Amino acid sequence: MTASESSIYEARHALGRKDLVLLLASFGFVAVGILLIGRNPVVSVLCFLLGGLYLVPRGITLVRRRTMLRVDAQGVLLGGPSTFSRDKDELVSWQDIVAVVLWEQEATRGRKMAFVGLQRHEGLPQLKGSARSKRWQRIALATVPAHVPRQVAIDSRPVNLWSLDRGKLATAVRAFAPEVPIADLATK
């Protein structure tokens, strides 16, 4: 393995702390559904549905372990928003990237959602997996902090159902494109 191969950074779908609670609750609903199958079929079906609505799609993401972010010699791969399809994944070459941008958006109950985006050269087409219509762009931008550039926000990906290791990201960017800065707008 060469030095550059060892610097490749890849983040995939994985279990997080939130998932453990949700998995236990979902399995609990399924167990209650099994226990009530003969006594109360309506409640039993509802419990199966409530448990299954989380278990099935989350199970698929865990089995598939999709790549959500990859930094290598070719550039930066941003995984698309779909759990089931890779057709919205986008590999952006280093020559198109001005900066890797990390930012946060207010979520629920004072929590923040982290995002990874790319500032690209002007005039390039929009990335696959980004909000395409003006209506969806307005919705996507409604809660974005003012200091985050509009195009960066539209082309960003949420760090959701996977974890971002900022240190490994920085190492990979330095190894493959030392001229590309990492702009951390999350601290503003």
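Only a predicted model underlies this, so the values are computations on that prediction, with no experimental measurement involved. (Residues numbered from 1 in each chain as written. Predicted model: local features only at pLDDT ≥ 70, side-chain atom pairs only at ≥ 80, totals over all residues. Heavy atoms only, no water.)

Helix and strand counts for the protein come out as six helices and eight strands. Ordered by position from N to C terminus, the α and β elements of the protein give α-β-α-α-β-β-β-β-β-α-α-β-α-β. Within the span of the protein, comprising 188 residues, buried residues form 36% of the whole. In the form shown here, the protein has an accessible surface area of approximately 11,200 Å², with 61% of it arising from carbon and sulfur atoms. (Helix = DSSP H or I, 4+ residues; strand = E, 2+ residues; numbered from the N terminus. Buried < 20%, exposed > 50% of the residue type's maximum accessible area, 1.4 Å probe, protein only. Areas by Shrake-Rupley, 256 points an atom, 1.4 Å probe, with all protein chains shown as cover.)

Below, the discussion takes up the sheet that holds strand S4 (residues 90-93). The four strands are arranged S1-S2-S3-S4 in an open sheet whose pairing can be described as antiparallel. Edge positions in the sheet fall to strand S1 (9-12) and S4, since each has one partner strand and no second. Geometrically, the sheet is characterised by an average inter-axis angle of 5 degrees between neighbouring strands, direction not taken into account. Where strand S3 (residues 75-78) meets S4, four bridges bridge the pair, whose relative direction is antiparallel. Paired with leucine 77 across the two strands is leucine 91, which belongs to S4. (Pairing = 2+ DSSP bridges. Axes fitted to C-alpha atoms, helices over the stretch in contact; angles between N-to-C directions.)

Let us look at the sheet that holds strand S7 (residues 157-158). Sheet architecture is open: four strands sit in the order S7-S6-S5-S8, paired in mixed fashion. Each of the sheet's edge strands pairs with one partner strand only, and the pair in question is S7 and strand S8 (182-184). The pairing of strand S5 (residues 97-106) with strand S6 (residues 112-120) spans nine bridges and is classified as antiparallel. From the neighbouring strand, glutamate 104 faces S6, where its bridge partner is alanine 114.

Below, the discussion takes up helix H6 (residues 166-176). Helical geometry: 3.6 residues make up each α-helical turn, so side chains three or four residues apart lie on a common side. If you check which residues of H6 are buried, you get Leu169, Ala170, Ala172, Val173 and Phe176. One side of H6 holds all its buried residues, which, seen down the axis, span an arc of 165 degrees. Two or three places before glycine 167, at the start of H6, stands the capping residue aspartate 165, its side-chain oxygen 3.1 Å from that residue's backbone nitrogen. (Arc of directions from axis to C-beta. Polar contact = N/O pair within 3.5 Å; in protein donor to acceptor, adjacent residues only side chain to side chain.)

Scope: geometric values only; no functional claims are made or implied.
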